[in-house]
Amino acid sequence: MKVSKKIRQIHYWISPFIIVPVMLIFTTGVLLQLKKQSNWIQPSIEKVSANKPTMLISYLDAAKSVPEAEIKSWDDIDRIDIRPDKGIAKIRSKNHWEIQIDSQTAEVFSANYRRSDVIESVHDGSFFTDYVKFGWFLPTGILLIVLSISGIYMFLLPLMIRKKRTRLKK
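Okay, so let's go over this structure. As the structure is a computational prediction, the values presented were derived from the model and not from experiment. (Residues numbered from 1 in each chain as written. Predicted model: local features only at pLDDT ≥ 70, side-chain atom pairs only at ≥ 80, totals over all residues. Heavy atoms only, no water.)

**Topic: the nonpolar core**
- Counting residues in each nonpolar core, the largest one holds 15 residues, and the members touching the most others are Tyr59, Ala69, Ile71, Ile77, Ile91, Ile99 and Ile101.
- Contributions of two or more residues to this core are made by α2 (57-64), β2 (88-93) and β3 (97-102).
- Among the elements that line this core, the one with the most residues is α2, at four residues.
- By size, the runner-up hydrophobic cluster in this structure holds six residues, among which are Met23, Val30, Leu138 and Ile145. (Core = buried A, V, L, I, M, F, W, Y, C linked by side-chain atoms within 4.5 Å. Buried < 20%, exposed > 50% of the residue type's maximum accessible area, 1.4 Å probe, protein only. Helix = DSSP H or I, 4+ residues; strand = E, 2+ residues; numbered from the N terminus.)

Next comes the structure, spelled out in structure tokens:
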């Protein structure tokens, strides 16, 4: 058997097993690209006031104690994620460092560089310009969904034809 025919057979029989996760990846990638444009995907941030938090001063002091995060004021903090059930607060600096602190004592548990935001921004195209995100990544995601659907059709078509021929022979 020729190598090219064997490769086509491998491709043909692997495809049905990976189509569901691949479609999920493609679809969620398209949704990630549109998250800032849709309140359904990600609610927009309401601007209430420009005041900085006053109750969380000890969190700010704890964050300042981590030199890698380069936090000197509230302006250097991207977000604070408070998890009451775990007793932890995560402070993310604008330079992608995440500081985990005890929500009661403001003691620093850990400080690590957070790569997931950068990886997500590359995945959805926002790492590049909006032109690349919406002019290249978004159409590519949509076309990959179309190719996957047409691939499912091309996989099922011979099976349906064989089934129809078998029924007609009987």
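**Notes on the packing of helix α1 (residues 3-33) against helix α4 (residues 130-169)**
- Direction vectors running N to C along α1 and α4 enclose 155°, while the axes themselves pass 10 Å from each other. When the axes of α1 and α4 are compared, the pair comes out roughly antiparallel. By crossing handedness, the relation of α1 to α4 is classed as left-handed.
- Partitioning the contact of α1 with α4 into residue classes produces 20 nonpolar, four polar and one charged. (Axes fitted to C-alpha atoms, helices over the stretch in contact; angles between N-to-C directions. Parallel < 35°, antiparallel > 145°, perpendicular 65-115°, else oblique. Left-handed = near helix turned anticlockwise from the far one by under 90°. Nonpolar A, V, L, I, M, F, W, Y, C, P; charged D, E, K, R; others polar.)

**Thoughts on the side chain of Asp102**
- Summarising the element assignment, Asp102 is placed in strand β3.
- A polar atom in the side chain of Asp102 sits 2.7 Å from the backbone nitrogen of Gln104.
- Contacts of Asp102, omitting those with residues within four sequence positions, involve Tyr59, Gly87, Glu107 and Phe109. (Polar contact = N/O pair within 3.5 Å; in protein donor to acceptor, adjacent residues only side chain to side chain. Contact = heavy atoms within 4.5 Å.)

Purely geometric stuff here, so don't read any function into it on its own.
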